[in-house]
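# Topology and contacts: notes
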Amino acid sequence: VPPIVPPCPSSRLATTSANPLCERNVAASPVSREEGSRSGGREREGGTTVESVAAAPLASSSFPSSIFPADPISAGVGDGFFMPGSLPPLRVMPSGAWPAAASALPGPIEPGPETLWWLGNCAPLGWDALELTAPPAAGSIRTAAGGGSACGPLKFRADGKELAGVTRHIFVTGGVVSSLGKGLTSASIGMLLEARGLTVRMQKLDPYINVDPGTMSPYQHGEVYVLDDGSETDLDLGHYERFTSTPLTRECNYTTGQIYLSVINKERRGEFLGKTVQVIPHITNEIKQKVLDLASPDTDIVITEIGGTVGDIESLPFLEAIRQIPLDAGRENCIFIHLTLVPYLKAAGELKTKPTQHSVGILRQIGIQPDVLVCRTERALDVSDREKIALFCNVPLEAVIEERDKDFSIYEVPLSLQSNRIDDIVLRRFGIQAPPADLDAWHDILHRLRNPEHEVSIALVGKYAEHRDAYKSIYEALDHGGIARRTQVRVQPINSEDIEREGAERLLAGFDGLVVPGGFGERGIEGKVEAIGFARARKLPFLGICLGMQCAVIDAARNLATLPGAHSTEFARNTPHPVICLMEEQEGVVSKGGTMRLGAQTAVLAAGSKAAAAYGSTRISERHRHRYEFNQRYRSQLEAAGMVIAGTSPDGSLVEIVELADHPWFVAVQFHPEFKSKPTAAHPLFSGLIAAAVERHAGSAWVAEGT
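The text that follows walks through the structure, step by step, so that each part is easy to find. Worth saying up front: this structure is predicted, and the values here are computed from it rather than measured.

### Here's the deal with empty space enclosed by the protein
- On inspection of all chains with the given rule, the structure shows 4 cavities of 30 Å³ or more.
- Taken together, Gly519, Phe520, Cys546, Leu547, Gln550, Glu570, Arg625, His626, Arg627 and Tyr628 form the lining of the largest cavity.
- Those elements that provide at least two residues to the lining of the largest cavity are α17 (547–559) and β25 (619–626).
- Classifying every residue of the lining of the largest cavity by side-chain character gives 4 nonpolar, 3 polar and 3 charged.

Listed below in structure tokens is the structure:
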């Protein structure tokens, strides 16, 4: 068979060839262990002496969608073919046969250590996760028509057991100061890699001892982000979901508390067989396992963000664990990205690189050499700054990436990183070839943000108003609603206690909409109820979330159903009208952490309701986080007073959504819609709120009561 492409030079160090693929793959593929000594040039493999693999061409120029053509390729003993990534090349063995189906396999022939074969889910050959038992025949490599695109590369040991596979790992750390935006940077990198056709998983490792953030104050930790499976997680996982399509589960967020609890439980069960349990290796092994658990044949890259700041004592076990992972997965399959600060000193009139140098120095003392530095800065880095950082931090100049502060929108970050070619750096480091990123949807988002057709102002009334991160997902979801409606949304946080002191009339006049979010505790409750009453009476578009819905029910009970003193038993145990009460399943629950009604729950919507119109469906799934519920004993009285029960649990026992019939947009929900909103797909309820606010701002026929 005539050669498909001209052969590559015999040395990988060659830089010219008639085959344009040679140079690219010479640069991308490191010397594998099988090659042995350059001076010796021969190895023992499978009981037969073969030549060490030198450079060899790809079998098809359509890489990577089709590695091999349908026809046989002439190949000799010891020839190699490069595979995607920086894994060892396929070795052509001196005996055996390439079967037409799994049943035609010959007797097993032992391969060399870490030999790579093109196996796994090879549908044209009838293979499905087949164990390695025989190599291809010497002199030919065959695949069924269509090439090897249905297969995936696997690494095997000599005993046939699968090694770490081809999942690559990116570790993101932060230095100098906290709050640099590691989560946003990690999410942006994940989005860029997905846009280039790769499958990505995301993970956050937090060094605090709490088992999860569910019992932490929003002032200390920001919002608690809830996943479909009920996990209470770090708010950075919200960035992951908004920027990528990666599936998130409880395996995507671990804390020091969870790691130690797991190890201690194992020790109590006797799993360590009398050994002394120590930070190294037992704690670090547990951390490593949590990272490696996300690797799978269907996952190209796992991005793991390490919380905290390099130099903090509590993050040391996590840093030690990720230092060890390249020893298991292969250094060629791991990238360390360090996010650091390059401050500008106004007095000196210059940027200072020394904090970055010191931060990288701490990492290097631990044993981690960063591959990429992402430098947060107020001002542009000039070439001399980047050269100094590259030199003293031992990274290539191109891997010193500027990430300037974004005044306009956080959704500029991915495009900024792409302009610095961070995705190209990652893919080249891994030896992966991928098509260009399709970012048309992202460019459209920024175009809509920069060129709005409308403008509205929304009041957000809550008890943590001064702390933006406490309502992070709500702010983002309001922006998403604005993107969908081509509207600039100006959000004004208002402390509910200020409303108690100064009145809703004074503080809410002039707004186009109102959002009352969730929360816990009695402080500021009456201010929320008063704000909702103002929105009800003045026909102000309103969206209540979780506790916001419960406050809406309290207001309606007091002012529409004439139930004086109506309240929630969470705040007034002896109220004469407990319109909100503890869920039956919560009675007797003493523990605080992870014991609420959590995660995705199905709701059935009333036909003709505003919620059903917004969703375009009468059956939905939304995420919950609450202990108290609408008291069904008051349902008929509230419905008679004008409240619409617009959504319930499938069995009708729990009220999920309430509305007001004679109001342009008064929707309150027991769940958290903000957790399922994306910039590319605004949540229907936030989009509906913004649409109603636009109509009000435009001066529709709605007339405020009493004017």
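### A look at the pattern of salt bridges
- Counted by the stated rule, this structure contains 35 salt bridges.
- Here Asp498 ties to Arg501 by a salt bridge, and the two come within 2.3 Å at their closest N and O atoms. Taken as a pair, Asp498 and Arg501 lie in helix α14 (residues 496–502) at a separation of 3 residues, close to a single helical turn.
- Given the relative accessible area of 60%, Arg501 is considered exposed.

### With respect to the sheet that holds β25
- Read from one edge of the open sheet, 9 strands run β19-β18-β20-β21-β29-β28-β27-β24-β25, paired in mixed fashion. Each edge of the open sheet is held by one strand with a lone partner, namely β19 (487–495) and β25. Between one strand axis and the next, the sheet turns by 25 degrees as a mean value, whatever way the strands run.
- Examined bridge by bridge, strand β24 (residues 597–605) and strand β27 (residues 643–648) share 2 bridges and lie antiparallel to one another. Within β27, the position partnered with Leu605 by the bridge is Gly647.
- Along the sheet face, helix α16 (residues 525–537) touches β18 (454–462), β20 (513–516), β21 (542–545), β28 (655–660) and β29 (666–669) and points at about 150 degrees away from the line of β20.

### Looking at the environment of Lys288
- Note on placement: Lys288 falls in helix α6 (residues 279–292).
- What makes Lys288 buried here is its relative accessible area of 10%.
- C-alpha separation for the pair Lys288 and Glu320, spaced 32 residues apart in sequence, amounts to 9.5 Å.
- The contacts of Lys288, once residues within four sequence positions are left out, are Ala321, Gln324, Ile325 and Asp328.
- Separated by 3.0 Å, the side chains of Lys288 and Gln324 make a polar contact.
- A polar contact of 3.2 Å, which involves the side chain of Lys288, links it to the side chain of Asp328.

### Concerning the pairing of β18
- Of all 9 residues making up β18, 7 are buried, and the element is well covered by its neighbours.
- Summarising the sheet, β18 and β19 pair through 9 bridges and their orientation is parallel. Residue pairing in the sheet places Ile458 in a bridge with Val491 of β19.
- On the question of chirality, the crossover connecting β18 to the parallel β19 by way of helix α13 (residues 472–484) is right-handed.
- Bridging between β18 and β20 involves 3 bridges; their strand directions are parallel. Looking across to β20, one finds that Leu460 is bridged to Val515.

### Some words on α6
- Along its 14 residues, α6 runs 18 Å from first to last C-alpha, staying within 8% of the 20 Å computed at 1.5 Å per residue.
- Summarising the contacts, the buried residues of α6 are in contact with β7 (168–174), β8 (200–206), β11 (253–255), α5 (256–268), β12 (301–306) and α7 (316–329).

### Concerning the pairing of strand β13 (residues 334–341)
- With respect to burial, β13 is a largely interior element, 7 of its 8 residues being buried.
- Pairing analysis gives 6 bridges linking β7 to β13, with the strands arranged parallel. By the bridge assignment for β13, His169 is matched with Cys334.
- Relative to strand β16 (residues 372–377), β13 runs parallel, the two sharing 5 bridges. Paired with Leu341 across the two strands is Arg376, which belongs to β16.

### Focus: the packing of aromatic side chains
- Taken as a whole and judged by the stated rule, the model has 8 aromatic pairs.
- Aromatic pair Phe171 and Phe336: ring centres 5.4 Å apart, planes at 25 degrees, arrangement stacked. Taken as a pair, Phe171 in strand β7 and Phe336 in strand β13 lie far apart in primary sequence, 165 residues in all. This pair shows no difference in class: Phe171 is buried, exactly as Phe336 is.
- Note on Phe243 and Trp442: the rings are 5.4 Å apart at their centroids and 50 degrees apart in plane angle, and the pair reads as tilted. Of this pair, Phe243 sits in helix α4 (residues 236–243) while Trp442 sits in helix α12 (residues 440–450), and the two are 199 residues apart along the sequence.
- The class of Phe243 is buried, set by a relative accessible area of 4%.

Parameters and conventions
Residues numbered from 1 in each chain as written. Predicted model: local features only at pLDDT ≥ 70, side-chain atom pairs only at ≥ 80, totals over all residues. Heavy atoms only, no water. 1 Å grid on protein atoms, 1.4 Å probe; cavity = no way out; pocket = protein on both sides within 12 Å on 5 of 7 lines; lining within 4 Å. Points joined across faces, edges and corners; volume = space filled by probe spheres on them. Helix = DSSP H or I, 4+ residues; strand = E, 2+ residues; numbered from the N terminus. Nonpolar A, V, L, I, M, F, W, Y, C, P; charged D, E, K, R; others polar. Salt bridge = Lys/Arg side-chain N within 4 Å of Asp/Glu carboxyl O. Buried < 20%, exposed > 50% of the residue type's maximum accessible area, 1.4 Å probe, protein only. Pairing = 2+ DSSP bridges. Axes fitted to C-alpha atoms, helices over the stretch in contact; angles between N-to-C directions. Contact = heavy atoms within 4.5 Å. Polar contact = N/O pair within 3.5 Å; in protein donor to acceptor, adjacent residues only side chain to side chain. Right-handed = clockwise from strand over helix to strand, strands pointing away. Expected span 1.5 Å × (residues − 1). Phe/Tyr/Trp six-rings, centres within 6.5 Å; stacked < 30°, edge-to-face > 60°.

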